[in-house]
Amino acid sequence: MFLNRALLRFAKGNYKNILYTCFLSVLLTVVSTIVALITSVVVRMFLENKTVLHSLGMAEMFGILLGLICLRFFISMYKTKEGVKCGLKIKEVLRKDMLRKLFELGPAYMSEEKTGGVATTIFMKVEWLGHYYMTYIPTAVAAIVNAVVIIGVLFFVNSMVGMVCLLAAVGMLGCPMLFYKVMSKRGRLEWEAEEEYYEKCLDGIQGIVTLKAFGADGLQKEKIHAGGEKLRRTVMGQLKVTMLENGVLEFLGRLGSAFTIGLAAWLVYKGEMDSEVLVYTMFLISACFVPMLNLIPAWHMGYRGVTASEGIEELLQSLPKYFRTREKAVKSGKKEFTGDISFEHISFAYDEAEGEVLQDVTITIKNQTTTALVGPSGSGKSTLANILAGFYEVKNGKIRLGEEVVEASNIEAMQDLVSVVWQEGHLFYGTVLDNIRIGKPEATYEEVVRVAKAANLHDFIMKLPKGYDTHLGEDGMRFSGGEKQRIAIARAFLRNTPILILDEATSSLDRKNEMEIQRSIQELSKGKTVLVIAHRLSTIQNAEQICILNHGKIQEKGTHEELRKTSKLYQRLMGKQLAVEMAGEGA
Ligand SMILES: Nc1ncnc2c1ncn2[C@@H]1O[C@H](COP(=O)(O)OP(=O)(O)OP(=O)(O)O)[C@@H](O)[C@H]1O
Ligand SMILES: [Mg+2]
């Protein structure tokens with residue numbers, strides 16, 4: 001039987017349901033065996049031309065048979081229902097655990113893992129576990145229990161017949177173990193090919209706009225086709241071994257039952273067995289092998305279950321690369337904070353081998369002031385913002401929020417103080433209202449309207465077909481980059497934390513949109529301690545402090561007035577915008 005510790009653990013809390021489904025499966029087999037036995041009695045009555053046997057008449061026999069066949073039908077239906085219910089429960093719990101784990105692993109994990117691989121694990125592998133628990137386990141248990149009982153009875157009837165039947169059953173049940181190694185290896189290859197294929201499909205779907213814009217859809221189609229071809233080859237290879245194994249098992253089953261029946265007939269011929277029991281023996285032998293033959297297609301679910309469990313276990317056992325919780329992290333819901341934010345000699349590398357992305361960064365953001373981060377592309381601005389957002393842990397240096405050093409034990413409480421507005425907030429499936437409520441799920445309709453107004457979004461929303469109840473993606477609804485950013489701003493208004501991280505849009509917005517966003521951001525930043533990755537002069541001019549990052553180091557700090565006069569790098573970075581400003585001054 002294919003079982004491992006992970007599969008046992010995944011079913012925790014559902015053992016009773018699994019046992020119940022197994023019991024129903026055994027009951028079903030028992031009823032089938034009784035049907036076979038009564039049929040054998042009827043056959044004997046026909047052969048011996050009797051109307052009554054063992055004090056039962058023909059009509060009673062047929063009545064019992066009919067009753068049992070009906071009972072079998074109902075047990076079968078009930079077993080299927082219970083099996084599906086149990087499988088659904090296990091799948092639901094597992095998916096919940098996996099999603100909880102993903103959230104614990106955080107954005108850093110998803111930036112390193114392939115979405116297709118994670119999606120395959122959460123959806124397809126878990127789906128296969130459903131088949132494993134609701135079909136494979138009950139079928140295997142019923143086949144084994146049935147074989148043990150019938151072989152026991154056959155030993156009682158005739159030890160030689162019992163022994164031959166036992167050998168054939170051991171061969172049938174043990175043979176899949178011989179294929180275990182090769183099937184497991186091929187199973188893993190099949191999952192790999194499936195992950196790769198889904199990754200390519202997902203990439204194609206998510207990148208459809210870019211692919212079309214660059215006329216590269218043909219290239220992606222080729223990649224998808226190659227992935228599909230690899231998957232097809234892997235599945236066909238696996239199928240060949242499965243068919244070979246099934247053939248061997250079928251052969252063993254048929255041969256075993258024919259040989260045992262032949263042996264029983266030969267024993268009767270030799271006068272070593274009572275001819276009256278031959279008919280019963282024949283039906284018993286076939287009742288012993290039928291569930292084992294039924295198990296043949298289910299073995300595949302066993303292999304798939306075991307290999308799927310490995311991927312699921314790997315995800316569930318993954319340790320967060322950053323913030324490995326030494327003590328239980330606490331969520332405080334705290335919104336009070338009046339101190340400064342200090343980055344103290346921060347050095348950071350995503351990968352030690354690739355070198356440091358931030359080197360000895362020291363910045364203090366005074367309470368309720370704004371610090372603008374500027375610097376060339378790749379200089380480490382987003383990395384620093386991500387570190388403040390709590391996505392990455394620093395090994396060298398410290399971040400202090402007020403007096404408290406940010407570490408694993410208080411990271412969740414520290415995150416409660418921070419809101420982030422990325423360039424384009426992700427929009428979720430649902431209404432506009434639901435999307436803004438991400439910032440505070442318990443917010444009332446009035447609160448949402450208030451923040452939408454503050455984010456200069458209300459008028460736009462009121463023009464939508466169903467206002468705040470308009471479904472995104474449906475009703476022909478699409479949001480522009482600027483509108484998406486304003487939704488993100490509205491969320492941050494709702495969340496209303498004392499610390500704010502802003503990643504200013506680099507894409508050029510039209511003047512009206514830009515001014516509206518600027519106004520919203522200014523409103524949002526009031527009374528907050530802000531770190532903004534800034535691209536626009538207007539934002540930078542309003543900041544109390546500007547830090548220039550270059551190759552991961554703070555090259556210069558100062559106000560706009562100071563830097564524009566003294567810093568060559570600042571002049572170069574702000575180039576055109578500064579020139580326009582200076583021209584304005586000169587005029
Ligand atoms: N998840 C990651 N894993 C490994 N390296 C990364 C990761 N994210 C960023 N980097 C690398 O870290 C360096 C700094 O990247 P970062 O995104 O912080 O730059 P940035 O200043 O925000 O650039 P831009 O202005 O283009 O957004 C880059 O060399 C980048 O390749
Ligand atoms: Mg960036």
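The structure reproduced in this document is the subject of the present report. (Residues numbered from 1 in each chain as written. Chains lettered and ligands numbered in written order. Predicted model: local features only at pLDDT ≥ 70, side-chain atom pairs only at ≥ 80, totals over all residues. Heavy atoms only, no water.)

## A look at the nonpolar core
Most often, soluble globular proteins have nonpolar side chains that are buried together.
(1) Moving on: Counting residues in hydrophobic clusters, the biggest one holds 66 residues, and the most contacted among them are Phe10, Leu129, Tyr133, Tyr136 and Met292.
(2) Moving on: Within the residue set of this core, elements represented by two or more residues are α1 (5–10), α2 (15–47), α3 (58–112), α4 (115–157), α5 (159–178), α6 (180–206), α8 (217–269) and α9 (275–317).
(3) Moving on: Ranked by residues supplied to this core, first place goes to α9 with 19 residues.
(4) Moving on: Every residue in contact with Leu129, bar those within four places of it in the chain, is listed here: Leu7, Phe10, Leu94, Gly305, Ala308, Ser309 and Ile312.
(5) Moving on: Formed by 44 residues, the second largest nonpolar core is a distinct cluster that contains Leu433, Leu457, Leu494 and Val530. (Core = buried A, V, L, I, M, F, W, Y, C linked by side-chain atoms within 4.5 Å. Buried < 20%, exposed > 50% of the residue type's maximum accessible area, 1.4 Å probe, protein only. Helix = DSSP H or I, 4+ residues; strand = E, 2+ residues; numbered from the N terminus. Contact = heavy atoms within 4.5 Å.)

## Overview of the sheet that holds strand β3 (residues 341–348)
(1) Moving on: As summarised here, the arrangement of the 4 strands in space is β4-β3-β6-β7, forming an open sheet in which the pairing is antiparallel. Edge positions in the sheet fall to β4 (358–365) and β7 (404–405), since each has one partner strand and no second.
(2) Moving on: Note: β3 against β4, 5 bridges, orientation antiparallel. Residue pairing for β4: Ile346 is matched across the bridge by Val361.
(3) Moving on: Across the sheet, helix α10 (residues 381–388) is in contact with β3, β4 and β6 (396–401); its angle to β3 comes to roughly 120°. (Pairing = 2+ DSSP bridges. Axes fitted to C-alpha atoms, helices over the stretch in contact; angles between N-to-C directions.)

## Observations regarding helix α13 (residues 445–454)
(1) Moving on: For α13, the complete set of buried residues consists of Val448, Val449, Val451 and Ala452.
(2) Moving on: Buried residues along α13 sit against α12 (432–437), α14 (458–462) and α15 (481–495).
(3) Moving on: Where α13 terminates, the next one or two residues include Asn456, which has phi positive at roughly 55°.

## A look at the pairing of β3
(1) Moving on: Among the 8 residues that make up β3, 6 are buried, leaving the element largely enclosed by the rest of the structure.
(2) Moving on: The pairing of β3 with β6 spans 5 bridges and is antiparallel. Looking at β6, one finds that Glu344 is bridged to Lys398.

## Description of the site of ligand 1
(1) Moving on: Taken together, the neighbourhood of ligand 1 is formed by Ser111, Tyr350, Val357, Pro376, Ser377, Gly378, Ser379, Gly380, Lys381, Ser382, Thr383 and Tyr392.
(2) Moving on: One of the side-chain nitrogen or oxygen atoms of Thr383 is found 2.5 Å away from an oxygen atom of ligand 1.
(3) Moving on: Residue composition of the shell around ligand 1, grouped by class: 4 nonpolar, 7 polar and 1 charged. (Near = heavy atom within 4 Å. Polar contact = N/O pair within 3.5 Å; in protein donor to acceptor, adjacent residues only side chain to side chain. Nonpolar A, V, L, I, M, F, W, Y, C, P; charged D, E, K, R; others polar.)

## What about the layout of surface pockets?
(1) Moving on: Quantified by volume, the second largest pocket comes out at close to 470 Å³.
(2) Moving on: Forming the boundary of the second largest pocket are 20 residues, of which Glu113, Gly117, Val118, Thr121 and Glu195 lie nearest the centre.
(3) Moving on: Counting residues per element, the ones that place at least two in the lining of the second largest pocket are α4, α6, α8 and α9.
(4) Moving on: A total of 6 residues in the lining of the second largest pocket trace back to one element, the largest contributor, which is α6.
(5) Moving on: For the lining of the second largest pocket, the class distribution of residues is 3 nonpolar, 5 polar and 12 charged. (1 Å grid on protein atoms, 1.4 Å probe; cavity = no way out; pocket = protein on both sides within 12 Å on 5 of 7 lines; lining within 4 Å. Points joined across faces, edges and corners; volume = space filled by probe spheres on them.)

## A closer look at the environment of Gly467
(1) Moving on: When you line up the elements, Gly467 lands in the loop between α14 and α15.
(2) Moving on: Using a relative accessible area of 11% as the deciding quantity, one classes Gly467 as buried.
(3) Moving on: Along the backbone, Gly467 and Leu494 are 27 residues apart, and their C-alpha atoms lie at a distance of 19 Å.
(4) Moving on: Ignoring any residue separated from it by four or fewer positions in sequence, one finds Gly467 in contact with Val432 and Ile461.

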